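Listed here are the chains, written in short residue letters.
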Amino acid sequence: MGYVVTLRNAMLDLITSAVGASGRSRIYDGTRPATGGAATTLLADCALQATFAAAASGGVLTANLPISDTSADATGTATWGRLTTSGGTAVVDYNVGTSGSDLNLTTVSIVATQPVSITSFVITNGNP
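Below is a summary of the structure that appears in this document. (Residues numbered from 1 in each chain as written. Predicted model: local features only at pLDDT ≥ 70, side-chain atom pairs only at ≥ 80, totals over all residues. Heavy atoms only, no water.)

For the rest of this paragraph, the subject is a nonpolar patch on the surface. The grouping of Met1, Tyr3, Val4, Leu7 and Met11 at the surface amounts to a nonpolar patch, some 490 Å² of accessible area in total. Position of Met11 relative to the elements: it lies in helix 1 (residues 5–19). (Patch = residues over 30% accessible without salt bridge, like charges linked within 9 Å, V, L, I, M, F, W, Y side chains within 5 Å. Areas by Shrake-Rupley, 256 points an atom, 1.4 Å probe, with all protein chains shown as cover. Salt bridge = Lys/Arg side-chain N within 4 Å of Asp/Glu carboxyl O. Helix = DSSP H or I, 4+ residues; strand = E, 2+ residues; numbered from the N terminus.)

Have a look at this one:
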């Protein structure tokens, strides 16, 4: 099944709507659970911009930066993350890395109390 780009963009824009104002990007270690499942160790809880992303274009949703946490919650290796509403309701789970992941950091080695900055956060809705 293939979707026209206007439909792919509309689906991506629903993510921004679901996150709502001032959502969170929570970064975890370990194996990513089933979407919305029990989380592993929370390494960083990053505040999103008031509006998560501008309108999707070409099947790509790009988060508004900067996104950061001034003091990481725990030490560990970042492997996955979860977009949530400001109240903590899960919206999307994603992969974390330093290059080529949904969410990219300068390093996946998170150290408690140290700052964490997201370098890019892009969600693509491509056709299979």
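Having seen the structure, we can now continue with the description.
On to the environment of Thr107, then. As for its placement among the helices and strands, Thr107 is situated in the loop between strand 8 (103–105) and strand 9 (109–110). Residue classification places Thr107 among the partly exposed positions, given a relative accessible area of 39%. Linking Thr107 and Arg32, residues 75 residues apart in sequence, is a C-alpha distance of 18 Å. A polar side-chain atom of Thr107 sits 3.2 Å from the main-chain amide nitrogen of Ser109. (Buried < 20%, exposed > 50% of the residue type's maximum accessible area, 1.4 Å probe, protein only. Polar contact = N/O pair within 3.5 Å; in protein donor to acceptor, adjacent residues only side chain to side chain.)

Attention shifts here to the side chain of Ser25. Take Ser25: it is sitting in strand 1 (residues 24–28). At 2.5 Å, the side chain of Ser25 and the side chain of Tyr94 are in polar contact. Apart from the residues lying within four places of it in its own chain, the contact partners of Ser25 are Ala44, Asp45, Cys46, Leu48, Ile67, Arg82, Tyr94, Leu103, Ile118 and Phe121. (Contact = heavy atoms within 4.5 Å.)

With that settled, consider the pattern of salt bridges. Scanning the model with the defined rule gives three salt bridges in all. Across the salt bridge formed by Arg82 and Asp93, the nearest N and O atoms sit 2.7 Å from each other. Note that Arg82 is positioned in strand 6 (residues 80–84) and Asp93 in strand 7 (residues 90–97), a separation of 11 residues in sequence. On the basis of relative accessible area, Arg82 is assigned to the buried category, the value being 7%. If you follow the salt bridges from partner to partner, you end up with Arg24, Arg26 and Asp45 in one network.

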